[in-house]
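# Breakdown of the fold
Residue strings, one per chain:
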Amino acid sequence: MFPQNTLSVDLTIRFFYFRTKYYFSKKAVILNFQIMKKSLHISFRNTIALILFVLSTNYISSQIEYNWQNSQEGWVSASETNNGCQLFAQPEAIAMRAFNATPIMRSGNLQADLGIDATTYNQIEITLKNPVAVGVNANPNAILFAYPPGSNDKICSWRFAVDTGMTEFSTYIIDLESEPDNGDLFEGPVARFGLRAPWGVANFDTVYWQKMTILNTNTIDVIEHNIYLNTYPNPSFGNLFVESNDPIEALKIKDLTGRVVLEMKPQKSKVEIETTELTNDLYFLNCFVNQKWVTKKLVISKR
């Protein structure tokens, strides 16, 4: 038998022990619940952020881009004997070494398919360097080809003039809404594109292709401001039309140096702009709509 006072102390200790244990266990449960709740909140928030990021990335990536620095980007030499060449991935660009006067490279083999339609995009920008120096009577046109699924027979092609004896890269713009060569039509599904080196290359001459971007410049929809801006035709060969879903309060056209070359305050949703005073070049169109400035790239290419 324990003395009465010893038993009382023991019971008191046990009482405080179990009460303390219950208290901290309860606090632990509450704490764990709060942590779990916070974790679920963070996970939900992160999931929403990820979804928005993916959606925004898909929206932004609405163009096809080939960067030929240190990569062939899936491009291959034409299989036809008279169009053969060698392709070498180099730090600045893909090098095309000609086997003859008409070397061609394509964006993949016959099984490749971009899965796009002729109406999906309206412009292609190509950056290249043609170091080949040719005589004054030469016609240094390169050619862009569009191919249907499963065929090396072109849908159509566009010739575009390039410089010769180049020591730096230059960008050339091809308007897919312009009339193709030989009166062909650009329509239907498009699986691949192809590029022929500028006329004037000979056996073992090398042309360097740095970048190719396939895009649609006709519309731009600035989702965060609910502003729609449409310019046509772009490239412009004469007068330019600008449309918006709301009145365009102010309009500026700037050249590549940032100099304002044209300024208007139309106060209407559709504007016609005369481009007679503008030289053939790349410009930036700035429109003030709904208290927001919207910028769009613009190409003047008068014939």
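Throughout what follows, the structure given in this document is the object of discussion.

Calculation criteria
Residues numbered from 1 in each chain as written. Predicted model: local features only at pLDDT ≥ 70, side-chain atom pairs only at ≥ 80, totals over all residues. Heavy atoms only, no water. Buried < 20%, exposed > 50% of the residue type's maximum accessible area, 1.4 Å probe, protein only. Helix = DSSP H or I, 4+ residues; strand = E, 2+ residues; numbered from the N terminus. Pairing = 2+ DSSP bridges. 1 Å grid on protein atoms, 1.4 Å probe; cavity = no way out; pocket = protein on both sides within 12 Å on 5 of 7 lines; lining within 4 Å. Points joined across faces, edges and corners; volume = space filled by probe spheres on them. Nonpolar A, V, L, I, M, F, W, Y, C, P; charged D, E, K, R; others polar. Polar contact = N/O pair within 3.5 Å; in protein donor to acceptor, adjacent residues only side chain to side chain. Contact = heavy atoms within 4.5 Å.

Quick look at the pairing of strand 7 (residues 123-129) now. Residues in a regular strand point their side chains to alternate faces of the sheet. Most of strand 7 is tucked away: seven of the seven residues are buried. Here strand 7 shows two buried faces, one formed by Q123, E125, T127 and K129 and the other by I124, I126 and L128. Where strand 7 lies against strand 10 (residues 170-175), six bridges are found, and the strand directions are antiparallel. Its bridge partner being in strand 10, I126 is matched across the sheet by Y172. Note that strand 7 and strand 13 (residues 206-215) share seven bridges and pair antiparallel. Paired with K129 across the strands is Y208, a residue of strand 13.

This brings us to the layout of surface pockets. In this structure, the second largest pocket spans a volume of roughly 460 Å³. For the lining of the second largest pocket, the secondary structure elements donating two or more residues are strand 9 (156-161), strand 10, strand 20 (281-289) and strand 21 (292-300). For the lining of the second largest pocket, the leading source of residues is strand 10, giving four residues. Here the residues of the lining of the second largest pocket are counted per class, giving nine nonpolar, four polar and eight charged.

Tracing the chain through its elements places R106 in strand 5 (residues 104-106). Within polar-contact distance, the side chain of R106 engages the side chain of Y147 at 2.9 Å. Apart from the residues within four sequence positions on either side, R106 is in contact with G74, W75, V76, A78, S79, E80, Y147, N152, R192, F193 and G194.

Bringing the sheet that holds strand 9 into the picture now. Taken in spatial order, the five strands make up an open sheet running 2-5-12-8-9, and their pairing is antiparallel. The two strands at the open ends of the sheet, each matched to only one other strand, are strand 2 (76-77) and strand 9.

Within the fold, R259 resides in the loop between strand 17 (250-254) and strand 18 (260-264). Sequence separation of R259 and Y283 is 24 residues, and the distance between their C-alpha atoms is 9.9 Å. Sequence-distant contacts of R259, defined by excluding residues within four places in its chain, comprise I253 and K254.

In short, shape yes, function no, at least from these values alone.
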